[in-house]
Amino acid sequence: VTTNPEPDGFRHLAFPYDDEGRFLSTSLAFIRGGLSVNERVLVMVPAAKIDSIRSALGDDAGTVDYVDVSEVGRNPARILPEWSAFAAEANEEGRGLRGIAEPMTVERSAAALAECLLHELLVNTAFDSGPAWELLCPIDRGALGAPVVEQHHHVHPFVSSARGVEPNPSYVGDLSPFEWLPDPLPPPATGAGQVEFDLSTLSALRASVDAFGSRAGLSPERSADLVLAVDELACNSVLHGTSGGVFRGWRENDTVMCEVTSESTFTDPMVGRRRPSVDQHQGRGLWVVNQLCDLVQIRSSDGTSVVRVEMRA
Amino acid sequence: LTLSGVVDISPMEQLPLEIVAGDGVFTLRGELDMATADRLSEIVEGTTGNLVLDLEGITFINSSGLQAVLTAQKAARARGADVVLRRPSRVVHRVLELASMTETFVIEE
């Protein structure tokens, strides 16, 4: 990769590739470019790719940080705080940084890929006004298919290709995820259970969700996690909505699906993606939900919000 | 898998949070959530020294519950005292961890 020797800000680069050889050679050049100027380097890709990068780096492998993105980033909303923490750490050390991130893999469901795209969009929001660094985002063009690769392209302000790094003329800009992804969620399954709630029925709602979670095949521990997640969403509805909302629950294959709908509006695009400070008073609810669930989807428009969560049975 | 049969969730009769005072310790049993969090501020008002909360019997807590404890801590610290969480139950530990609050409170096991 030929990069601008003096980047004047954060550069979020799409890197579509067609074969593993090109993935590896570009990644290695990018990593070595960082190591040569004493930058911190974090590689957040699937485990198999970590292995191939490590062995190709040889003696330098130990000077790079690695995170298995399919583990840490199972819920894509948990990825951004990892980058924030890494950037803060490097800044504290007074070192530059760079990273490689490949959360969008063929194993992901369509819903999870949509959330990965929202995450990529928020990366720009999170880092655009901060110090200069580069995040290279590979995507397997052959495995993922043209529509997904094209969307991935749209959320990156820069593109890395054989020609080098270029600004991306089709970048969508600094949009909030509530503006950019207009597609509504597919409707809940027919026969989904439904419960209306308000402040006075939160305890009963939790009992209903616990019974639902067990019947849907969750272990007692995971069912308790689901209860907590739904409760946090219900509390948000009571706090920010017209006083209550509607819970729906159903199952799709091996996944337990729940959603909470209320008459409310999400305004903070980064909600649930900033690690709360030790004594912060509010704004922990969605952070907790993001830690608990395998996928979290927030949609908010026309005064109605829905948060859908997934938990694997 | 549906929730049919459990759609009627009229408010339950039992008190979801029980607070027992004794020997300078408040023992909390049941659910500390958004609906019951206000009851914590009531006991904070009448306390002068440290506010010791025995949380062994807490069966449910969420971020609203922890927020209420944080408010109590702020009030206690303003008068030179503190909040002490005694023997937090497993669910309390779990939510403290999830909410990134493991360093927030003085904990006594």
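Up top you'll find the structure we're talking about.
Everything quoted here is computed from the prediction, not taken from an experiment.

Cut-offs used in this document
Residues numbered from 1 in each chain as written. Chains lettered and ligands numbered in written order. Predicted model: local features only at pLDDT ≥ 70, side-chain atom pairs only at ≥ 80, totals over all residues. Heavy atoms only, no water. Contact = heavy atoms within 4.5 Å. Buried area = accessible area lost by both parts, 1.4 Å probe. Salt bridge = Lys/Arg side-chain N within 4 Å of Asp/Glu carboxyl O. Nonpolar A, V, L, I, M, F, W, Y, C, P; charged D, E, K, R; others polar. Axes fitted to C-alpha atoms, helices over the stretch in contact; angles between N-to-C directions. Helix = DSSP H or I, 4+ residues; strand = E, 2+ residues; numbered from the N terminus. Parallel < 35°, antiparallel > 145°, perpendicular 65-115°, else oblique. Left-handed = near helix turned anticlockwise from the far one by under 90°. 1 Å grid on protein atoms, 1.4 Å probe; cavity = no way out; pocket = protein on both sides within 12 Å on 5 of 7 lines; lining within 4 Å. Points joined across faces, edges and corners; volume = space filled by probe spheres on them. Phe/Tyr/Trp six-rings, centres within 6.5 Å; stacked < 30°, edge-to-face > 60°. Buried < 20%, exposed > 50% of the residue type's maximum accessible area, 1.4 Å probe, protein only. Lys NZ or Arg CZ within 6 Å of the ring centre and 35° of its normal. Core = buried A, V, L, I, M, F, W, Y, C linked by side-chain atoms within 4.5 Å.

1. Points about the interface of chain A and chain B
Each side of the interface is counted separately: chain A has 42 residues, and chain B has 30 residues. The junction of chain A with chain B conceals about 3000 Å² of combined surface from both sides, 63% of it contributed by carbon and sulfur atoms. One can count three salt bridges joining chain A with chain B. Among the ionic pairs, Arg206 of chain A bridges to Asp33 of chain B, the shortest N-O distance being 2.8 Å. Of the residues belonging to the side of chain A that touches chain B, the class tally is 19 nonpolar, 13 polar and 10 charged.

2. Concerning the packing of helix H4 (residues 79-93) of chain A against helix H5 (residues 110-127) of chain A
All names here are of chain A. Across the interface, H4 lies against H5 with an axial gap of 10 Å and an inter-helix angle of 30°. On the basis of their axis angle, the class for H4 and H5 is roughly parallel. Considering the relative orientation of H4 and H5, their crossing is right-handed. Packed against H4, whose contacting residues are Ile79, Leu80, Trp83, Ser84 and Ala87, the element H5 presents His119, Leu122, Val123, Ala126 and Phe127 at the interface. Residue classes in the contact of H4 with H5 are distributed as eight nonpolar, two polar and no charged.

3. Regarding the layout of surface pockets
Taken as a whole, the largest pocket spans an internal volume of roughly 920 Å³. Along its surface, the largest pocket is lined by 44 residues, and Asn236, Leu239, His240, Gln282 and Gly283 of chain A are the ones closest to its centre. Looking at the lining of the largest pocket, the elements that each hand over two or more residues are helix H10 (220-240), strand S10 (255-262), helix H11 (285-292) and strand S12 (304-312) of chain A together with helix H1 (38-45) and helix H2 (63-78) of chain B. Residue composition of the lining of the largest pocket, by class: 18 nonpolar, 19 polar and seven charged. There is about 780 Å³ of room inside the second largest pocket. Contributing to the lining of the second largest pocket are 35 residues, with Ser109, Ala110, Ala111, Ala112 and Leu113 of chain A lying nearest its centre. Elements with a minimum of two residues in the lining of the second largest pocket: helix H3 (69-72), H5, helix H7 (146-154), S10, strand S11 (295-301) and S12 of chain A. A per-element tally of the lining of the second largest pocket places H5 of chain A first, with six residues. Partitioned by chemical class, the residues of the lining of the second largest pocket number 17 nonpolar, seven polar and 11 charged.

4. Regarding the packing of aromatic side chains
Working definition: an aromatic ring pair is given by the centre-to-centre distance plus the angle between the planes. Residue and element names in this part refer to chain A. Inspection of every chain in the model, using the stated rule, returns eight aromatic pairs over all chains. Aromatic side chains Phe15 and Tyr17 sit 5.8 Å apart centroid to centroid with 40° between the ring planes, which places their arrangement in the tilted category. Tyr17 matches Phe15 in its accessibility class, with the two residues each being buried. On the numbers, 5.1 Å between centres and 80° between planes, the contact of Phe127 with Trp133 is edge-to-face. By the burial criterion, Phe127 is buried, and Trp133 matches it. The side chain of Lys49 reaches across the aromatic face of Phe23, ending 4.8 Å from its centre.

5. Concerning empty space enclosed by the protein
All names here are of chain A. Tallied over the full model, the rule gives one cavity of 30 Å³ or more. Volume-wise, the largest cavity comes out at about 120 Å³. Broken down by secondary-structure element, the contributors of at least two residues to the lining of the largest cavity are H5, helix H8 (177-180), H11 and S11. Residue composition of the lining of the largest cavity, by class: 10 nonpolar, one polar and three charged.

6. Comments concerning the nonpolar core
Grouped together as the largest cluster of nonpolar side chains are 64 residues, with contacts concentrated most on Leu226, Phe247 and Val309 of chain A together with Leu28 and Leu53 of chain B. The element that contributes the greatest number of residues to this core is H10 of chain A, accounting for nine residues. Beyond its immediate stretch of four places on either side in the chain, Leu53 of chain B contacts Phe26, Leu28, Leu40, Ile43, Val69, Val83, Val84, Leu85 and Arg86 of chain B.

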